[in-house]
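Letter by letter, the chains look like this.
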Amino acid sequence: MGEFTDSVYDLVKTVPAGHVTTYGDVAEALGSKAVARHVGWALGKCWDADVPWWRVINSAGCVSFRASDIASKKSKSKKPSSKKRKRDDDKDEVETVSQQEALLAAEGVTFETQGNMQKRRVRDFDDLRYQFPDVEFDEQL
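This structure is a prediction, so every number in the text was calculated from the model and none was measured. (Residues numbered from 1 in each chain as written. Predicted model: local features only at pLDDT ≥ 70, side-chain atom pairs only at ≥ 80, totals over all residues. Heavy atoms only, no water.)

Q: With reference to specific residues and values, describe the overall build of the protein.
A: Within the protein, the secondary structure is distributed over five helices and six strands. Each helix and strand of the protein, ordered N terminal to C terminal, gives the series α-β-α-α-β-β-β-α-β-β-α. Here the protein holds 141 residues, and 38% of them are scored as buried. Sequence separation of 24 or more characterises 66% of the internal contacts of the protein that already satisfy a separation of 6 or more. Split by element, the accessible area of the protein, about 9400 Å² in all, is 47% carbon and sulfur. (Helix = DSSP H or I, 4+ residues; strand = E, 2+ residues; numbered from the N terminus. Buried < 20%, exposed > 50% of the residue type's maximum accessible area, 1.4 Å probe, protein only. Contact = heavy atoms within 4.5 Å. Areas by Shrake-Rupley, 256 points an atom, 1.4 Å probe, with all protein chains shown as cover.)

Q: How would you sum up helix α1 (residues 3-12)? Please name residues and give values.
A: Those residues of α1 that fall on the buried side of the exposure criterion are Thr5, Ser7, Val8, Tyr9, Leu11 and Val12. Taken together, the buried residues of α1 touch α2 (23-30), α3 (36-44) and β2 (56-57).

Q: Which residues make up the pattern of salt bridges, and what are the values?
A: Evaluated as defined, the whole model comprises five salt bridges. A salt bridge links Lys33 to Glu28; the nearest nitrogen and oxygen atoms lie 3.9 Å apart. Assessed through its relative accessible area of 49%, Glu28 is described here as partly exposed. In this structure, Arg120 and Glu101 form a salt bridge, with 2.7 Å as the shortest nitrogen-oxygen distance. Here the residue Arg120 occupies a position in strand β6 (residues 120-122), and Glu101 occupies one in helix α4 (residues 99-106), the gap between them amounting to 19 residues. (Salt bridge = Lys/Arg side-chain N within 4 Å of Asp/Glu carboxyl O.)

Q: Outline the packing of α1 against α3, listing residues and values.
A: Remark: α1 packs on α3, axes separated minimally by 10 Å, with the N-to-C direction vectors making an angle of 85°. What the angle tells us is that α1 and α3 run roughly perpendicular. Note on element contacts: α3 touches α1 through His38, Val39, Ala42 and Leu43, opposite Phe4, Thr5, Val8, Tyr9 and Val12. (Axes fitted to C-alpha atoms, helices over the stretch in contact; angles between N-to-C directions. Parallel < 35°, antiparallel > 145°, perpendicular 65-115°, else oblique.)

Q: Quick one: what's the story with the nonpolar core, residue by residue and with numbers?
A: Formed by 20 residues in total, the largest nonpolar core has its most connected members in Val8, Tyr9, Val12, Val26, Val39, Leu43 and Phe132. At the level of elements, α1, α2 and α3 are the ones that each hand at least two residues to this core. Among the elements that make up this core, the one with the highest residue count is α2 (five residues). Judged by nonpolar contacts, the second largest core, of ten residues, contains Trp54, Ile57, Phe111 and Leu128. (Core = buried A, V, L, I, M, F, W, Y, C linked by side-chain atoms within 4.5 Å.)

Q: A description of α2 should follow, citing residues and the corresponding values.
A: By the criterion of burial, α2 is predominantly enclosed, with seven of the eight residues buried. The complete set of buried residues in α2 reads Tyr23, Gly24, Asp25, Val26, Ala27, Ala29 and Leu30. On its buried face, α2 is in contact with α1, β1 (21-22), α3 and β2. Trailing α2 by a residue or two, Gly31 shows a phi angle of about 120°, which is positive.

Q: Now, about the side chain of Thr22: what can you tell me, with residues and values included?
A: Relative to the elements of secondary structure, Thr22 occurs in strand β1. With near-sequence residues (within four places) excluded, Thr22 lies in contact with Val56, Ile57, Asn58, Ser59, Phe125 and Arg129.

Quick look at the structure:
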């Protein structure tokens, strides 16, 4: 791994279970908020089981969902319509849960839907958002 990637992994390992942080928070703790996307790329290629990559979410408090990251699908049934008329809005809705959401839920993190948002936000995001202690590095990024 490169020095930057190793620094990202080491920092993410300090985020306690049941808490979350953002790509920008990690980047800022590393010395430059401008490298938030690079944090995402580093975590996207993470295969180290000791790095809790799932605790890093976007700044809106949501998981950055990727279609290839589906952990499960849950059916949310609606009441059936009359037999005379089948309406499209009577079909089952499917709730998709990503692997990242499932791993966070296993740590006690819950999600909520706000308004007409399609993404679910971490409930109590501000309270669960981990604040990194002052971290000093040899070089600024």
